[in-house]
Amino acid sequence: MKIDEARNYHKIDAVIVGAGLAGLRAALEVAKSGLSASVISKVYPTRSHSGGAQGGIAAALANVGEDSPQLHMFDTIKGSDYLADQDIIELFVNEAIKTVYEFEHMGVPFSRTEDGRINQRDFGGHSSPRACFAQDVTGHVLLHTLYEQCLKHNVLFFNEFQVLSLLIENDVARGLVAWDIRQGGLHIFHARAVLLATGGYGRAWKVTSNAHANTGDGVGLVLEAGLPLEDMEFVQFHPTGLYKHGILLSEAARGEGAYIINDQGERFMKKYAAAKMELAPRDIVSRSEQTEINEGRGIGGKDYVYLDLRHLGKEKILQRLPQIYDLALNYLKVDAIKDAVPIQPTAHYSMGGIPANAHTEVIRDAKGTVVRGLYTAGEASCLSLHGANRLGCNSLQDAATFGRIAGIRMGEFCRENAYNDLPAEPLAKAQAKIDRLWQAPGKEKHADIREELQVNMTKYMGVFRCESEMLKMKAIIKELQERYRRVAVDDHGAAFNLDLIEALELENLLSFSEVIVEGALARKESRGAHFRTDFPKRDDGQWLKHTLAWRRDGKIVLDFGKVVVIYPQYQPQERKY
Ligand SMILES: Cc1cc2nc3c(=O)[nH]c(=O)nc-3n(C[C@H](O)[C@H](O)[C@H](O)COP(=O)(O)OP(=O)(O)OC[C@H]3O[C@@H](n4cnc5c(N)ncnc54)[C@H](O)[C@@H]3O)c2cc1C
């Protein structure tokens, strides 16, 4: 092992990649059980994307109006366009309530009803006020509270470490290798159990609500390890991204009563989802918005419409939606108290990801065979809770609830299993990636390739898709992958070498984007967030199934898995709002 063993080799029971809600919640559970838990994060923990979540976290507390886990279950199944696995949803809606009360007891400052209970607001696709919130900074307070709890319970943090390779041999996870961004150098993490909680991957698009770190490293590494990804064609576009920036204006705005209007000042959702209006699920609102724009009813005929908060009044806007007010003012110079805010659909959430069972154990085929010691939770995972379309506020809850379940299962696994040996050359793969970028003879720049990927994904893999455009995108990705082989990194420094970091991230972006395109080309139907103009109908006969995708010999290979439908009353039916 060519490594400074004392400094760069770490032996830890549970190694968790990602310091978002999923990773921290898992780490807390492992640490509380008396085992050693480490969190590795490429950004400082409280800068993880979970901290950017605004609107709320869903649980059927029934604090404001009638509600029940059964209703939450049905809303989630319908929202998913019937692709979600119903056993997972049933587990989720019941655990969700416990998760919120745990957060309350940890000290999360939730907004309150007049009689002092956790307040709840309306959210798209939920048939009761179900989103527990703290103003419009819900993710921020959840993340900070969890981070404090992790410090209190002695979770060991490796901040600004970027994971470059997984150490998996004979279908058993043994640890991973990470690059120290601050000082340079590779570190080996030898573990009994590994959790991948690397979050979403919206950075494959130019217009996105996602943080810069959301480059899909976890899904990229899983593909590289010869394991499959699930349902990658389903990517959610959020209808209220700030025009041109893509920065999110939370659905909380519409939950509080904001309108969406076109050039004629019309609340056009009445044509598309008369009962739910602006609070229809996101796939439907985004498509309606894009249709208005495509048919020339965008503002001034341009590619945006308005989010109108004016009728809510100054007091409600500043009290309930202060962040949204600031974002519009700072980025577009629009005072949302006086003027409507320009918005457009923005790439927001990844329903697909690393396949796992209800225990968050990563699986490697359609039969559900487990990779021992490897776990996944949060947006990087696909259990499948959200199916073809996620409901707002179900994602923070997903990350926290399945983060906790992952922590419990990893603890049990660590108690029952000894450390497995590391592969013979643990550093080889990570070192080869770096050496190649430092020694490449080529002149290609990673920033140019990333820009071309993002611009074209926005153009060809957006709210509406069709075969001819997706084939163009497929060819573009192939060409960009070819060019990536000639990317050279000029900066050979050790400390904060962002040139190197971004080049490494690009490899992942190019890798999983190809899976998204292949999955979308194969799925000849429209379901949830995946809408094909050439196959505009849902086709349950052919396509009520999950997609699994592997990279084999440079090509994407697909297989399909069964959707779990457990109750007769939740059989697929037409989805109307
Ligand atoms: C703007 C915005 C608003 C949202 N609002 C809501 C909302 O109101 N309600 C809701 O339910 N959902 C919301 N969502 C979705 C929700 O916030 C996310 O799905 C969820 O927080 C994801 O949590 P996570 O723990 O899986 O990942 P993240 O919080 O994204 O964390 C990922 C972690 O992985 C680490 N990481 C990634 N790659 C590597 C690597 N190679 N090496 C080391 N570390 C790595 C990062 O450093 C980070 O710590 C919102 C999303 C966005 C973008």
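Description of the structure in this document.

So, how was this worked out
Every residue gets a number counted from 1 within its own chain, in the order that chain's sequence is written. Local features in a predicted model are, by the rule used here, given only for residues with pLDDT of at least 70; side-chain atom pairs are given and counted only at 80 or more, and totals for whole chains, interfaces and linings are based on all residues. The side-chain numbers reported here are obtained from all heavy atoms of the structure, hydrogens and water having been left aside. The pairing criterion for strands is at least two bridges between them, as found by DSSP. Here a strand is any run of E in DSSP of at least two residues, a helix any run of H or I of at least four, and the numbering for each starts at the N terminus. Relative accessibility under 20% of the residue-type maximum defines a buried residue, over 50% an exposed one, and the middle range a partly exposed one, all with a 1.4 Å probe and only protein chains included. Distance and chemistry together define a polar contact, namely a pair of N or O atoms within 3.5 Å, with one atom able to donate a hydrogen and the other to accept it when in protein, and with adjacent residues in sequence counting only for side-chain atoms on both sides. Every residue pair with non-hydrogen atoms within 4.5 Å of one another is taken to be in contact. Nearness of a residue to a molecule or strand requires only that one of the residue's heavy atoms be within 4 Å of it. Areas reported here follow the Shrake-Rupley algorithm with a probe of radius 1.4 Å; residue values treat only the protein chains shown as occluding. Gly counts as polar in this scheme, as do all residues outside two lists: the nonpolar Ala, Val, Leu, Ile, Met, Phe, Trp, Tyr, Cys and Pro, and the charged Asp, Glu, Lys and Arg. Here a Phe, Tyr or Trp ring, Trp counted by its six-membered ring, pairs with any other such ring whose centre lies within 6.5 Å, and the pair is stacked when the planes are under 30 degrees apart, edge-to-face when over 60, and tilted otherwise. For a ring to carry a charge above it, either NZ of a lysine or CZ of an arginine must fall within 6 Å of the ring centroid while also lying within 35 degrees of the normal to the ring plane. Take a side-chain nitrogen of Lys or Arg and a carboxyl oxygen of Asp or Glu: if they are within 4 Å of each other, that pair is a salt bridge. In this description, a line fitted to the C-alpha atoms serves as the axis of each element, helices being fitted only across the stretch in contact, and the angle between N-to-C directions of two axes falls anywhere from 0 to 180 degrees. In what follows, roughly perpendicular refers to angles from 65 to 115 degrees, roughly parallel to angles under 35, roughly antiparallel to angles over 145, and oblique to any angle outside these ranges. Helix crossings get a hand from a simple test, with the near helix turned counterclockwise from the far one by less than a right angle marking a left-handed crossing and a clockwise turn marking a right-handed one.

1. Remarks on the sheet that holds strand β4 (residues 120-121)
In spatial order, the strands read β3-β5-β4; together these three strands make up an open sheet with antiparallel pairing. Either end of the sheet is taken by a strand with one partner, and the two such strands are β3 (57-58) and β4. Sheet topology places β3 next to strand β5 (residues 131-132); two bridges connect them, and they run antiparallel. Each bridged residue has a counterpart across the sheet, and for I57 the counterpart in β5 is C132.

2. Let's talk about the side chain of H190
As for its position among the elements, H190 is in strand β9 (residues 186-196). With a relative accessible area of 7%, H190 lands in the buried category. Among the polar contacts made by the side chain of H190, one reaches the main-chain carbonyl oxygen of N420 at a distance of 2.7 Å. Sequence-distant contacts of H190, defined by excluding residues within four places in its chain, comprise Y9, H10, K11, I12, R174, Y419, N420, D421 and L422.

3. Considerations on the site of the ligand
Neighbouring the ligand are 37 residues; S48, H49, S50, E379 and S395 lie closest to it. S48 is positioned with one of its side-chain polar atoms (N or O) 2.7 Å from an oxygen atom of the ligand. One nitrogen or oxygen atom from the side chain of D217 is found 2.7 Å from a nitrogen atom belonging to the ligand. Isolated, the ligand exposes 1000 Å² of accessible area, and the fraction of that covered by the protein chains is 98%. Of all elements in the fold, only α2 (21-32), β2 (37-41), β7 (161-169), β14 (341-350) and α12 (394-416) reach the threshold of two or more residues within the shell around the ligand. Residues of the shell around the ligand, tallied by class, amount to 14 nonpolar, 19 polar and four charged.

4. Some thoughts on the packing of aromatic side chains
Counted by the stated rule, this structure contains 17 aromatic pairs. Note on Y147 and F157: the rings are 5.0 Å apart at their centroids and 85° apart in plane angle, and the pair reads as edge-to-face. Of the two residues, Y147 sits in helix α5 (residues 138-152) while F157 sits in strand β6 (residues 156-159), which places them 10 residues apart along the sequence. Judged on exposure class, the residue Y147 and its partner F157 are both buried. By the ring-pair criterion, three or more aromatic residues cluster together here, those being Y44, Y147 and F157. Positioned above the aromatic ring of Y349 is the side chain of R390, whose terminal nitrogen or guanidinium carbon lies 4.0 Å from the ring centre. Between the NZ or CZ atom of K545 and the centre of the ring of F560, over which it lies, the distance is 4.7 Å.

5. Regarding the pattern of salt bridges
Overall, the coordinates contain 51 salt bridges when judged by the stated rule. Residue R486 is joined to E444 by a salt bridge in which the shortest nitrogen-to-oxygen separation is 3.7 Å. In this pair, R486 is assigned in the loop between α15 (467-484) and α16 (498-522) and E444 in the loop between α13 (428-439) and α14 (446-460), connecting sequence segments 42 residues apart. Taking the relative accessible area as the measure of exposure, E444 reaches 17% and is therefore buried. The closest approach of N and O atoms between R527 and E525, which form a salt bridge, is 2.7 Å.

6. Let's talk about helix α11 (residues 322-332)
Inspection of α11 places P322, I324, Y325, L327 and A328 among the buried residues, and these make up the whole buried set. For α11, the secondary structure elements touched by its buried residues are β11 (235-242), α7 (252-255), α10 (314-320) and β14. Remark: K333 follows α11 within two positions and exhibits a positive phi of approximately 55°.

7. Let's talk about the sheet that holds strand β19 (residues 545-552)
Taking strand neighbours across the sheet as the criterion, the three strands line up as β10-β19-β20 in an open arrangement whose pairing is antiparallel. In this open sheet, the two strands that pair with only one neighbour each are β10 (229-230) and β20 (555-562). Here β19 pairs with β20 via eight bridges, running antiparallel. Note on β20: the bridge partner recorded for T547 is F560. The strands touched by α16 within the sheet are β10, β19 and β20, with β20 carrying the most contacts at an inclination of about 55°.

8. Focus: the packing of α2 against α5
Between α2 and α5, the least distance of the axes is 9 Å, while the angle of their chain directions is 30°. With respect to each other, α2 and α5 are oriented roughly parallel. The chirality of how α2 crosses α5 is left-handed. Taking contact as the criterion, the partners of L21, L24, R25, A27 and L28 in α2 are, on α5, L142, L143, L146, Y147, Q149 and C150. When the residues that make up the contact of α2 with α5 are grouped by side-chain class, the tally is nine nonpolar, one polar and one charged.

9. Considering the side chain of Q481
Of note, Q481 is situated in helix α15. Note on Q481: relative accessible area 18%, which makes it buried. Reaching out from Q481, the side chain makes a polar contact with the backbone oxygen of L510 at a distance of 3.2 Å. The contacts of Q481, once residues within four sequence positions are left out, are L510, S511, E514 and R551.

10. Comments concerning the environment of E505
Tracing the backbone through its elements, the reader meets E505 in helix α16. Classification of E505 by relative accessible area gives buried; the value is 9%. Taking the C-alpha atoms as reference, E505 lies 9.5 Å from R450; in sequence the two are 55 residues apart. Apart from residues lying up to four places away in sequence, E505 is in contact with K42, Q162, T215 and D217.

11. Some remarks on the environment of G55
Relative to the helices and strands, G55 is located in the loop between β2 and β3. With 83 residues separating them in the primary sequence, G55 and T138 have C-alpha atoms 6.2 Å apart. Residues in contact with G55, not counting those within four places in the same chain, are R121, F123, C132, F133, T138, S250, A252 and C393.

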